[in-house]
Amino acid sequence: MQKRMMITGAGSGLGREIALRWAREGWQLALADVNEAGLAESLQLVREAGGDGFTLRCDVRDYSQLTAVAQACEERFGGLDVLVNNAGVSAGGFFGDLSLEDWDWQLAINLMGVVKGCKAFLPLLLQSKGRIINIASMAALMQGPAMSNYNVAKAGVVALSESLLPELKPEGVSVHVVCPSFFQTNLLDSFRGPTPAMKQQVGKLLEGSPISAADIADYIYQEVAKGEFMILPHEQGRMAWQVKRQDPQVIYDEMTVMCEKMRSKLGAS
């Protein structure tokens, strides 16, 4: 490996922290995001941390923009070793309240953005025998209430990663999928849903998390080095996933109770 990485959604949050964690190891970073001001700040921080690289505005819904970033990586770095599909948006709302436009927006970014990222960068990763790190969510595994479009998009990222794992292993390309729970981030900036009170509920969960984006980036770094496929940064998330695999009905019952509480809270707000 020549220490060359590309990260989508690198202008803030977890994407920025992943960039900084690898920058401390002297990596070259290609940083992509729709937020150009955030990208400039990320690149400055990357350089202060000991890395270097370049930025490009990129909307992951547009495949041609992703292939342009791949071309830039080839021209500036001579290739790529690690792809991080991190760009994502948050959403919430009960299924009956979500519009089909809400579904299209969510799937276009959180699922198809990852599919397109893998497709655009695969030729470079096949050359370098590199790695794909897809950022999903515990929502992919636990399917909490009032976030069906988000759950489905993130579950698709896990299924895509599980599909690529056996396909690409013989080609020398490693695949990892990360499923964080709630953590301190700016994900609410992109929140979209039919109920304003839902955004407040999600905000409380994010603020109440004991783990930061920097903590998660460090955990990802360690687990990728070990060769772990499914990376669950939160201890509670690991415990919940263990329970669900042993007795799924326990989790389904828990989610039903949680849903009833949410409905009563939202009704009162």
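Residues numbered from 1 in each chain as written. Predicted model: local features only at pLDDT ≥ 70, side-chain atom pairs only at ≥ 80, totals over all residues. Heavy atoms only, no water.

The protein chain goes by SDR family oxidoreductase in an unreviewed UniProt entry, where it is assigned to Aquipseudomonas campi.

1. Regarding the overall build of the protein chain
Along the protein chain, the regular secondary structure elements total ten helices and seven strands. For the protein chain, buried positions account for 51% of its 269 residues. Only carbon and sulfur atoms are counted for the fraction: they give 52% of the accessible area of the protein chain, which is about 12,400 Å². (Helix = DSSP H or I, 4+ residues; strand = E, 2+ residues; numbered from the N terminus. Buried < 20%, exposed > 50% of the residue type's maximum accessible area, 1.4 Å probe, protein only. Areas by Shrake-Rupley, 256 points an atom, 1.4 Å probe, with all protein chains shown as cover.)

2. A closer look at the pairing of strand β2 (residues 28-33)
The element β2 is extensively covered by neighbouring structure, given that five of its six residues are classed as buried. Note that strand β1 (residues 4-8) and β2 share five bridges and pair parallel. Considered in β2, the bridge of Met6 is made with Ala30. Crossover β1 to β2 through helix α1 (residues 13-23) is right-handed. Following the chain from β2 across helix α2 (residues 36-49) to the adjacent parallel strand β3 (residues 52-57), one finds a crossover that is right-handed. (Pairing = 2+ DSSP bridges. Right-handed = clockwise from strand over helix to strand, strands pointing away.)

3. Some remarks on α2
A rise of 1.5 Å per residue sets the reference length of α2, with its 14 residues, at 20 Å; its end C-alpha atoms lie 20 Å apart and thus fit the reference within 8%. Three or more residues of α2 are buried, namely Gly38, Leu39, Ser42, Leu43 and Val46. The buried side chains of α2 occupy one side of the element, clustering within an arc of 135° when seen end-on. Across α2 from its buried face, at more than 90 degrees, point the exposed residues Ala37 and Glu48. (Expected span 1.5 Å × (residues − 1). Arc of directions from axis to C-beta.)

4. Points about the packing of aromatic side chains
A full pass over the atoms with the stated rule returns three aromatic pairs. Taken together, a centroid distance of 4.9 Å and an interplanar angle of 70° make the contact between Trp22 and Tyr221 edge-to-face. Of the two residues, Trp22 is situated in helix α1 and Tyr221 in helix α8 (residues 213-226); the sequence distance between them amounts to 199 residues. By relative accessible area, which is 3% here, Trp22 ends up buried. For Tyr221, a relative accessible area of 21% translates into the label partly exposed. Geometry around Phe54 places Arg76 over its ring, the cationic atom sitting 4.4 Å from the centre. The ring of Phe94 carries Arg263 above its face, with NZ or CZ at 3.9 Å from the centroid. (Phe/Tyr/Trp six-rings, centres within 6.5 Å; stacked < 30°, edge-to-face > 60°. Lys NZ or Arg CZ within 6 Å of the ring centre and 35° of its normal.)

5. Describing the confidence of the model for the protein chain
Counting all residues, the mean pLDDT for the protein chain is 90, and 89% of those residues have values of 70 or more. Note that residues 183-191 has pLDDT below 50 and, in this model, 38 contacts with residues that lie over four places away or in other chains. (pLDDT = per-residue confidence, 0-100. Contact = heavy atoms within 4.5 Å.)

6. Quick notes on the pattern of salt bridges
Tallied over the entire structure, the rule returns seven salt bridges. Arg16 is the salt-bridge partner of Glu41, the closest N and O atoms lying 3.3 Å from each other. Separated by 25 residues along the polypeptide, Glu41 in helix α2 and Arg16 in helix α1 bring together distant segments of the chain. The class for Glu41 is partly exposed, based on a relative accessible area of 44%. (Salt bridge = Lys/Arg side-chain N within 4 Å of Asp/Glu carboxyl O.)

7. Quick look at the sheet that holds strand β5 (residues 131-135)
Read from one edge to the other, the open sheet built from seven strands follows the order β3-β2-β1-β4-β5-β6-β7, with strand pairing classed as parallel. At either margin of the open sheet sits one strand with a lone partner, and together these are β3 and β7 (230-231). Where β2 lies against β3, six bridges are found, and the strand directions are parallel. Looking at β3, one finds that Ala30 is bridged to Phe54.

8. Remarks on helix α3 (residues 63-77)
Here α3 contains 15 residues, and its C-alpha end-to-end distance of 21 Å stays within 8% of the 21 Å for a straight helix at 1.5 Å per residue. Those residues of α3 lying buried are Leu66, Val69, Ala70, Ala72, Cys73 and Phe77. The buried residues of α3 occupy one face: seen down the axis, they fall within an arc of 160°. At its buried positions, α3 is contacted by β1, β2, β3 and α4 (100-128). Looking one or two residues past α3, Gly78 carries a phi angle of roughly 80°, positive in sign.

9. Description of unusual backbone geometry
The phi torsion at Lys3 lies on the positive side, around 65°, for a residue other than glycine. If you trace the backbone, Lys3 turns up in the segment before β1. We classify Lys3 as partly exposed; its relative accessible area is 36%. With a phi angle near 65°, Ala146 is a residue other than glycine that sits in the positive phi range. Relative to the assigned elements, Ala146 resides in the loop between α5 (139-142) and α6 (148-168).

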